[in-house]
Amino acid sequence: MLAWLPRGWGRPWDWVQVEVSSRCNARCLYCPHATLAPDWQGRLMDLDTFRRLLPSLRRARLVHLQGWGEPLLNPDFWSMLRLARGQGCRVGTTTNATLLDAETARRMVAEGLEVVGLSLAGVDQRNDQIRRGTSLTQVLGAMEHLAQAKARAGSELPTVHVAYLALRSRLDDVARLPGLLKDRGVTAVVVSTLDLVTSPELAAEALWPQDQAEFQRVEAMLDAAAQEAAQAGLAWHHQLAHPPGGRPGPCTENVDKAMVVSAAGQVMPCVFHNLSTSRPLAWQEGGMRPWRQERFGDVNQESLEDIWRGRGYRAFRDSLGRGSPPPGCRVCPKLRMVR
């Protein structure tokens, strides 16, 4: 999810993604928060749990305050931002923009937030139908609020990124995205696909090419959009899964140098292992099957460093390095991505 970020800043972890909220005020059709309701256990990370992370966050060059929920719902969001910055980290977040008004934008600038991602899944009113409870108008308005706040403060931060979900039925919208975002203060566009399908009705929306011809067609479309984005001054990043049958490649979630901490304090390699439900299910091999989640510790009980160095977590990373992923990762498209 954050694998587009540059590396090599001298800290051993490229990023730690901290889920400050697994609650959300939207009901996006594809999100586990909606598809796994009412069993979904929405929660806000408490400030004491976050404080337990602070000594470890010195080892990360980026702390990204985001999970399956809306980060700005957590009333301690601003305290967490300040505490993480106090460890010398860059701090970012991704939001659905429903709470990002002019005052929130001003505060993001004043508090030193370095990256803010805005989520989209369409370039017209179809976005609002897919991302229920949000609107394209709000996202475009948030871009304007941020541009104005940065101009008033004479700041280049936060940089504004768009996190765009490409669905199979709306793939043509991707070509319209650079034109929509041009001259709106956006620095980068990150195009992802629906790689975790938690409802059978959504399986057809997963952009998983089934043969080389389809892969080449979709890749050509994405490359053309990337070229247009470059002409508009936008950095463009996309990933697309190779057709099935090949040898698994490196995980694009950067599991050797990054991790996720859930709102409850549990540690895992990526957000796909962070389904906050007692009965996680996902589309695998043509049907909905139990989704095995790999989790390695709780920061309320031991340090992030100790969890990272633990035998189970090391064995997990080693298995991916050997090309023999554990069951919880074996069918994941993130092992077949070209970027």
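Residues numbered from 1 in each chain as written. Predicted model: local features only at pLDDT ≥ 70, side-chain atom pairs only at ≥ 80, totals over all residues. Heavy atoms only, no water.

Colleague: What exactly am I supposed to notice about the overall build of the protein chain here?
Modeller: For the protein chain, the helix and strand inventory stands at eleven helices and 16 strands. For the protein chain, the C-alpha radius of gyration of 19 Å lies close to 20 Å, the compact-globule estimate for 339 residues. Projected onto its principal axes, the C-alpha coordinates of the protein chain cover approximately 50 × 50 × 40 Å. A separation threshold of at least 6 residues defines the contact pool for the protein chain, and within that pool the share at least 24 residues apart is 73%. Of the roughly 14200 Å² that the protein chain leaves accessible, carbon and sulfur atoms contribute 48%. (Helix = DSSP H or I, 4+ residues; strand = E, 2+ residues; numbered from the N terminus. Rg over C-alpha atoms; globule rule 2.2 N^0.38 Å. Contact = heavy atoms within 4.5 Å. Areas by Shrake-Rupley, 256 points an atom, 1.4 Å probe, with all protein chains shown as cover.)

Colleague: Can you walk me through the state of the cysteines in this structure?
Modeller: Covalent bonding between the sulfur atoms of two cysteines is what defines a disulfide. With the rule as written, the count across this model stands at zero disulfides. Left without a disulfide partner, cysteine 24 is nearest to the cysteine sulfur of cysteine 28, which lies 6.2 Å away. Here cysteine 332 stays free of any disulfide, with the sulfur of cysteine 270 as its closest cysteine sulfur at 6.3 Å. A residue is classified by how much of its surface remains accessible, and cysteine 332, at 10% relative accessible area, is buried. (Disulfide = S-S within 2.5 Å. Buried < 20%, exposed > 50% of the residue type's maximum accessible area, 1.4 Å probe, protein only.)

Colleague: Sorry if this is basic, but what is going on with the pairing of strand E14 (residues 287-290) here?
Modeller: Sheet faces and side chains relate simply in a regular strand, where the side chains alternate between the two faces. Relative to E14, strand E13 (residues 281-284) is paired through four bridges, and the arrangement is antiparallel. Pairing of alanine 282 across the sheet is with arginine 289, part of E14. Once E13 ends, the chain turns through two residues before running back antiparallel as E14, passing glutamate 285 with a positive phi of about 50°. (Pairing = 2+ DSSP bridges.)

Colleague: Teacher, can you tell me more about the sheet that holds strand E9 (residues 235-238) here?
Modeller: Backbone hydrogen bonds hold the strands of a sheet together, and the pairing may be parallel or antiparallel. With mixed pairing, the ten strands of this open sheet are ordered in space as E9-E8-E7-E5-E4-E3-E1-E11-E12-E15. Two strands lie at the open edges of the sheet, namely E9 and strand E15 (297-298), each paired on one side alone. Summarising the sheet, strand E1 (residues 15-18) and strand E3 (residues 62-65) pair through three bridges and their orientation is parallel. Directly across from valine 16, in E3, lies its bridge partner valine 63.

Colleague: What should I look at first to understand the layout of surface pockets in this one?
Modeller: Space left empty within the atom packing is revealed by a probe, the size of a water molecule, rolled over the atoms. Each pocket or cavity is described by its volume, and for the second largest pocket that value is around 460 Å³. Ranked by residues supplied to the lining of the second largest pocket, first place goes to E13 with three residues. Grouping the constituent residues of the lining of the second largest pocket by class yields 15 nonpolar, five polar and five charged. (1 Å grid on protein atoms, 1.4 Å probe; cavity = no way out; pocket = protein on both sides within 12 Å on 5 of 7 lines; lining within 4 Å. Points joined across faces, edges and corners; volume = space filled by probe spheres on them. Nonpolar A, V, L, I, M, F, W, Y, C, P; charged D, E, K, R; others polar.)

Colleague: I'm lost on the environment of proline 327 in this one. Help?
Modeller: Following the sequence through the fold, proline 327 ends up in helix H11 (residues 327-330). Assessed through its relative accessible area of 41%, proline 327 is described here as partly exposed. Along the chain, proline 327 and arginine 292 lie 35 residues apart, while their C-alpha atoms are 7.1 Å from each other.

Colleague: I keep staring at the pairing of strand E4 (residues 90-95) and nothing clicks. Help me out?
Modeller: Taking burial as the measure, the six residues of E4 include six buried ones, the bulk of the element. Pairing between E3 and E4: four bridges, direction parallel. Considered in E4, the bridge of histidine 64 is made with glycine 92. Regarding the hand of the β-α-β motif, the stretch spanning E3, helix H3 (residues 77-85) and E4 is right-handed. Judged from the four bridges that link them, E4 and strand E5 (residues 115-120) form a sheet pairing that is parallel. By the bridge assignment for E5, glycine 92 is matched with valine 115. In this region the chain leaves E4, passes through helix H4 (residues 102-111) and returns to the parallel neighbour E5; the handedness of that crossover is right-handed. (Right-handed = clockwise from strand over helix to strand, strands pointing away.)

Colleague: Explanation requested: the environment of alanine 206 in the structure shown.
Modeller: Considering the arrangement of structural elements, one finds alanine 206 in the loop between strand E8 (186-193) and helix H8 (212-231). Assessed through its relative accessible area of 4%, alanine 206 is described here as buried. Taking the C-alpha atoms as reference, alanine 206 lies 10.0 Å from tryptophan 283; in sequence the two are 77 residues apart. Look past the residues within four positions of alanine 206 in its chain and what remains in contact with it is Arg168, Leu194 and Val197.

Colleague: Mind showing me how you'd approach the pattern of salt bridges here?
Modeller: Two side chains bearing opposite charge may form a pair once their charged atoms approach each other closely. The tally for this structure, following the rule as stated, stands at 16 salt bridges. Residue aspartate 14 pairs with arginine 61 through a salt bridge whose shortest N-O separation is 3.6 Å. With a gap of 47 residues between them, aspartate 14 in the segment before E1 and arginine 61 in the loop between helix H2 (47-57) and E3 connect regions that are remote in the sequence. Both residues of the pair, aspartate 14 and arginine 61, belong to the buried class. (Salt bridge = Lys/Arg side-chain N within 4 Å of Asp/Glu carboxyl O.)

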